[in-house]
Amino acid sequence: RMITTMARALPTFSSPFFLAPMAGVSDPALRLVCRELGAGLVVTELTSIHAIIAKEELLKREGKAIYDFLQFSEKERPVSVQLFGSDLVVLERAAKIVEPYFDIIDYNMGCPAPHITCQMAGAALLQKPELTRQIFRTLVGAVSKPVSLKMRCGVNDSNRLLFLDIAKIAVEEGIAMITLHPRTVEQGYSGKADWSLIRMLKECVPIPVVGNGDVETPEDAMRMIKETGCDYVMMGRAACKNPFIFTQMKQYFETGQYHEISFEERIQYFFHYLEYSTRFTINFANIKMQAMNFTKGSRGGARVREALIHVKNVSELKELLGKVYLQKEA
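Reading the values: the criteria
- Positions within a chain are numbered from 1, following the residues in the order the chain's sequence is written.
- Only residues with pLDDT of at least 70 are given local features in this predicted model, and only at 80 or more are side-chain atom pairs given and counted; all residues enter the totals for whole chains, interfaces and linings.
- Heavy atoms throughout the structure, all of them, feed into the side-chain values; hydrogens and water do not.
- Each residue is placed in one exposure class: buried if its accessible area under a 1.4 Å probe, protein chains only, is under 20% of its type's maximum, exposed if it is over 50%, and partly exposed if it falls in between.
- Labels follow the DSSP assignment, with helices taken as runs of H or I lasting at least four residues and strands as runs of E lasting at least two, numbered in each case from the N terminus.
- What makes two strands pair is DSSP finding at least two bridges between them.
- Note on method: axes are straight lines fitted to C-alpha atoms, helices fitted across the in-contact stretch only, with angles between N-to-C directions ranging 0 to 180 degrees.
- Relative orientations are named as follows: roughly parallel for angles under 35 degrees, roughly antiparallel for angles over 145 degrees, roughly perpendicular for angles from 65 to 115 degrees, and oblique for any other angle.
- In this scheme the crossing of two helices becomes right-handed for a clockwise turn of the near helix relative to the far one and left-handed for an anticlockwise turn of less than a right angle.
- In what follows, residue pairs with any heavy atoms lying within 4.5 Å of each other are defined as contacts.
- Three classes are used: nonpolar for Ala, Val, Leu, Ile, Met, Phe, Trp, Tyr, Cys and Pro, charged for Asp, Glu, Lys and Arg, and polar for all others, with Gly counted as polar.
- A 3.5 Å cut-off defines polar contacts: any pair of N or O atoms within that distance qualifies, except that in protein one atom must be a possible hydrogen donor and the other a possible acceptor, and neighbouring residues in sequence count only when both atoms are side-chain atoms.
- Salt bridge, as used here: a side-chain nitrogen of Lys or Arg that lies within 4 Å of a carboxyl oxygen of Asp or Glu.
- Any two rings among Phe, Tyr and Trp, with Trp reduced to its six-membered ring, count as a pair given centres within 6.5 Å; such a pair is stacked if its planes are under 30 degrees apart, edge-to-face if over 60, and tilted if neither.

Student: Looking at this structure, how should I read the pairing of strand E4 (residues 79-84)?
Tutor: Every other side chain in a regular strand lies on the same face of the sheet, so the side chains alternate between the two faces. Among the six residues in E4, six count as buried, and that is most of the element. Residues of E4 alternate between two faces, with Val79, Val81 and Leu83 on one and Ser80, Gln82 and Phe84 on the opposite face, all of them buried. As judged from the two bridges shared by strand E2 (residues 41-43) and E4, these two strands associate in the parallel manner. Residue valine 42 lies in a different strand from E4, and its bridge partner there is valine 79. Examined bridge by bridge, strand E3 (residues 47-48) and E4 share two bridges and lie parallel to one another.

Student: Is there a simple way to explain the packing of helix H11 (residues 263-277) against helix H12 (residues 284-294) in this structure?
Tutor: The description of two helices packed together rests on the angle between their axes and the distance between the axes. Running from N to C, H11 and H12 cross one another at 160°; their axes reach a closest spacing of 10 Å. With respect to each other, H11 and H12 are oriented roughly antiparallel. The crossing of H11 and H12 is right-handed. Taken together, the residues of H12 that come into contact with H11 (itself represented by Arg266, Tyr269, Phe270, Tyr273, Leu274 and Ser277) are Ile287, Gln290, Ala291 and Phe294. For the contact of H11 with H12, the residue count by class is seven nonpolar, two polar and one charged.

Student: Sorry, what's going on with the side chain of serine 15 here?
Tutor: Along the chain, serine 15 falls in the segment before strand E1 (17-19). Residue serine 15 is classed as buried on the basis of its relative accessible area, which comes to 9%. A distance of 3.2 Å separates a polar side-chain atom of serine 15 from the backbone nitrogen of phenylalanine 17. Among the polar contacts made by the side chain of serine 15, one reaches the main-chain amide nitrogen of glycine 40 at a distance of 3.2 Å.

Student: What's the story with the pattern of salt bridges in this structure? I'm lost.
Tutor: A pair can form between side chains of opposite charge whenever their charged atoms are brought close. All told, the structure shown has 21 salt bridges when counted by the stated rule. A salt bridge links lysine 60 to glutamate 56; the nearest nitrogen and oxygen atoms lie 3.8 Å apart. Here the residue lysine 60 and the residue glutamate 56 both occupy positions in helix H2 (residues 49-61), the gap between them amounting to four residues, near one helical turn. Taking the relative accessible area as the measure of exposure, lysine 60 reaches 56% and is therefore exposed.

Student: What is the right way to read unusual backbone geometry from this model?
Tutor: Trans is the prevailing form of peptide bonds, just as negative phi is the prevailing case for residues other than glycine. Residue proline 78 follows arginine 77 across a cis peptide bond; omega there is 0°. For proline 78, the location among the structural elements is in the loop between H2 and E4. Phi at aspartate 214 is positive, roughly 65°, even though this residue is not glycine. For aspartate 214, the position within the fold is in the loop between strand E8 (209-212) and helix H8 (218-228). You can call aspartate 214 partly exposed: its relative accessible area is 22%.

Student: Before we go on, may I ask you to explain the packing of helix H6 (residues 162-172) against helix H7 (residues 196-204) in this structure?
Tutor: Packing of H6 against H7 leaves a shortest axis separation of 10 Å and a crossing angle of 30°. Our classification of the angle between H6 and H7 gives roughly parallel. As H6 runs across H7, the sense of the crossing is right-handed. Packed against H6, whose contacting residues are Phe163, Leu164 and Ala167, the element H7 presents Leu197, Met200, Leu201 and Cys204 at the interface. For the contact of H6 with H7, the per-class residue count stands at seven nonpolar, no polar and no charged.

Student: Is there a simple way to explain the packing of aromatic side chains in this structure?
Tutor: The geometry of an aromatic ring pair is captured by two quantities: the separation of the ring centres and the angle between the planes. With the rule as written, the count across this model stands at 13 aromatic pairs. Both rings, one in phenylalanine 270 and one in tyrosine 273, keep their centres 5.4 Å apart while their planes meet at 25°; by these two values the pair is stacked. Linking phenylalanine 270 with tyrosine 273, this pair stays in helix H11, spanning three residues, or about one helical turn. Both residues of the pair, phenylalanine 270 and tyrosine 273, count as buried.

The quantities given are spatial measurements derived from coordinates; they are silent on function.
Written out as structure tokens, the structure reads:
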């Protein structure tokens, strides 16, 4: 009989709405904005365990700490770091390196990108239950912080219930929380997320479940909780286009209605994001992409995005948005 390891207590979350980890998108400035606007938990971009070890050795020689690679702000807490990679020795070392800085260590078994799955990482692990057990055991044994898991449901339609076996192993090995994105690896981000699988997971594990996939509005979040019984809701792409969704969900859950966000408010808050971005190392291409995201779904946004294409640095970006803002105010 399997001996079950007790899961560690999770931090207290100020809201049940979480920001998903997104490579190249969930940078520390965006996470800070989402936290301010009401996200209960934010997660770093997925990070290779091999990169953590290589960087740490490099940084040590320069008299710096891993913080200079995995940047975050104290105001983001609770903040989770998401790791990927299946080499057990490297995994243990990487987990120990990041543990002092983060509140939760999250393990990625959800990324469908071929450059991740070909390394026997991300969602490729769904088909390797024994290796998965060793990964969870190694992680939980290496750190004293809670360990969580983010996964897809299966690789293709014929094995879309693989997540149930993995969830059982996760519970036995002391994983504290599971996020399920109920699409297969083959689906990528196409088709529909099958929320009934989140319900299935919730009914078969005794730990908190986070639902993820196709939540675009506060109404969607409410529906997901009602339909699946999940404890928390995680948003990725919708939160990039509209970080205000965290405030709107809180309003909706409390009062049954929420405020629409004006174009002016969006631009104003983007200046906020820009101010935060100066505290971290975020490349300009990313900042520009966030500007594109922030202006989506609002009147006049398409014109601004056309102009954004030609912007070459932060000061040009500020000038463009400042002009747009003043025109709108006038």
